[in-house]
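Fold and contact review
Below, each chain spelled out in residue letters.
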Amino acid sequence: MVRSTVLYVAPDGLRWAQWVLADEPILLGDVPVAWTASARASEAGLAEWTAYFSTGVPPEAVADFLLALECRPDPAYGFAGPNVVFDALAEHGWVRDIDNGSVISDPRLTVGMALNLLPEDGIQDGDPLALDPVVDPTGWQAWCEPRIGGGFLWAAVFSASTPHDLVAAFAGSLASADPVLRHTLPQVSDGQLLVRPTV
């Protein structure tokens with residue numbers, strides 16, 4: 001029995017965010033999903049897309065994704081192409097992989113995003129083709145691996161129908177060099193972050 005706690009439902013009933021860590025053991029790169037966000041076209045409809053954020057995803061990036069979703073007149077469908085995501089990251093100095101143009105990483109190769117095949121299990125999407133075993137649905141994936149081969153610090157996955165402009169809002173926030181407040185830093189980030197005192 002799934003008992004997800006719905007933390008927020010928009011007044012129009014078309015978008016919502018849930019804390020699912022205690023309920024659903026969905027794993028992204030061996031890191032448990034903590035948050036999901038979804039949207040639908042009508043109050044009676046099912047979710048058209050779902051975004052998954054594991055524990056450890058920078059909260060600013062999740063918040064910017066949700067703010068972009070809140071401001072969007074049509075939360076269910078997108079009309080922009082994937083280049084808006086690549087452009088948002090390139091503006092912050094991220095570079096595309098020479099061998100695989102669907103992958104883009106920060107200059108230190110610690111954080112990456114890719115538009116490629118989605119994991120087979122647990123990713124829900126409203127497009128009937130996403131359920132077809134013959135079709136390989138593609139969507140955006142993001143991850144942080146501070147040390148190559150050292151495991152993921154966090155991961156995020158956006159189902160195939162997630163509007164690219166919403167993913168671009170997440171990506172732009174993720175790549176931003178603006179300072180953020182942190183009380184503690186992950187041990188694996190030693191030597192990877194620029195730390196400034198707040199006082």
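Our focus in this paragraph is unusual backbone geometry. A positive phi is found at Asp30, a non-glycine position, where the angle reads about 70°. Looking at where Asp30 falls in the secondary structure, it is placed in the loop between β3 (27–28) and β4 (31–39). In this model, Leu109 sits at a positive phi of 60°, which is unusual for a non-glycine residue. Positionally, Leu109 belongs in the loop between β7 (103–105) and β8 (111–117).

This part is about the packing of aromatic side chains. Per the stated rule, a full pass over the model turns up eight aromatic pairs. Taking the centre distance of 6.0 Å and the plane angle of 85° together, the rings of Trp49 and Phe65 count as edge-to-face. Of this pair, Trp49 sits in strand β5 (residues 49–54) while Phe65 sits in helix α1 (residues 59–71), and the two are 16 residues apart along the sequence. Across this residue pair, the class does not change: Trp49 and Phe65 are buried. Seen from their ring centres, Phe53 and Phe170 are 5.7 Å apart, and the 45° between their planes marks the pair as tilted. Taken together, the positions of Phe53 in strand β5 and Phe170 in helix α3 (residues 164–175) put the pair 117 residues apart, joining distant regions of the chain. Each member of the pair, Phe53 as well as Phe170, carries the same accessibility label: buried.

Inspection of the secondary structure assignment puts Arg40 in the loop between β4 and β5. Despite being buried, Arg40 has no salt bridge partner; Glu43 is the closest side chain of opposite charge, sitting 5.2 Å away. At 2.8 Å, the side chain of Arg40 and the backbone oxygen of Gly13 are in polar contact.

Next up on the list: the pairing of strand β9 (residues 138–144). Buried residues dominate β9, accounting for five of its seven residues. As defined by bridge partners, β8 adjoins β9 across seven bridges and the pair is classed as antiparallel. By the bridge assignment for β9, Leu117 is matched with Thr138. Summarising the sheet, β9 and strand β10 (residues 154–158) pair through five bridges and their orientation is antiparallel. The partner of Trp143 across the bridge, within β10, is Ala155.

On to the pattern of salt bridges. Tallied over the full model, the rule gives two salt bridges. The shortest N-O distance in the salt bridge between Arg15 and Asp12 comes to 2.5 Å. Judged by relative accessible area, which is 29%, Asp12 ranks as partly exposed.

So, about a nonpolar patch on the surface. A cluster of nonpolar side chains, namely Leu7, Tyr8, Trp19 and Leu21, defines an oily patch on the protein surface of about 350 Å² accessible area. One can find Trp19 in strand β2 (residues 15–19).

Parameters at a glance
- Residues numbered from 1 in each chain as written.
- Predicted model: local features only at pLDDT ≥ 70, side-chain atom pairs only at ≥ 80, totals over all residues.
- Heavy atoms only, no water.
- Helix = DSSP H or I, 4+ residues; strand = E, 2+ residues; numbered from the N terminus.
- Phe/Tyr/Trp six-rings, centres within 6.5 Å; stacked < 30°, edge-to-face > 60°.
- Buried < 20%, exposed > 50% of the residue type's maximum accessible area, 1.4 Å probe, protein only.
- Lys, Arg positive; Asp, Glu negative; His and termini not counted.
- Salt bridge = Lys/Arg side-chain N within 4 Å of Asp/Glu carboxyl O.
- Polar contact = N/O pair within 3.5 Å; in protein donor to acceptor, adjacent residues only side chain to side chain.
- Pairing = 2+ DSSP bridges.
- Patch = residues over 30% accessible without salt bridge, like charges linked within 9 Å, V, L, I, M, F, W, Y side chains within 5 Å.
- Areas by Shrake-Rupley, 256 points an atom, 1.4 Å probe, with all protein chains shown as cover.

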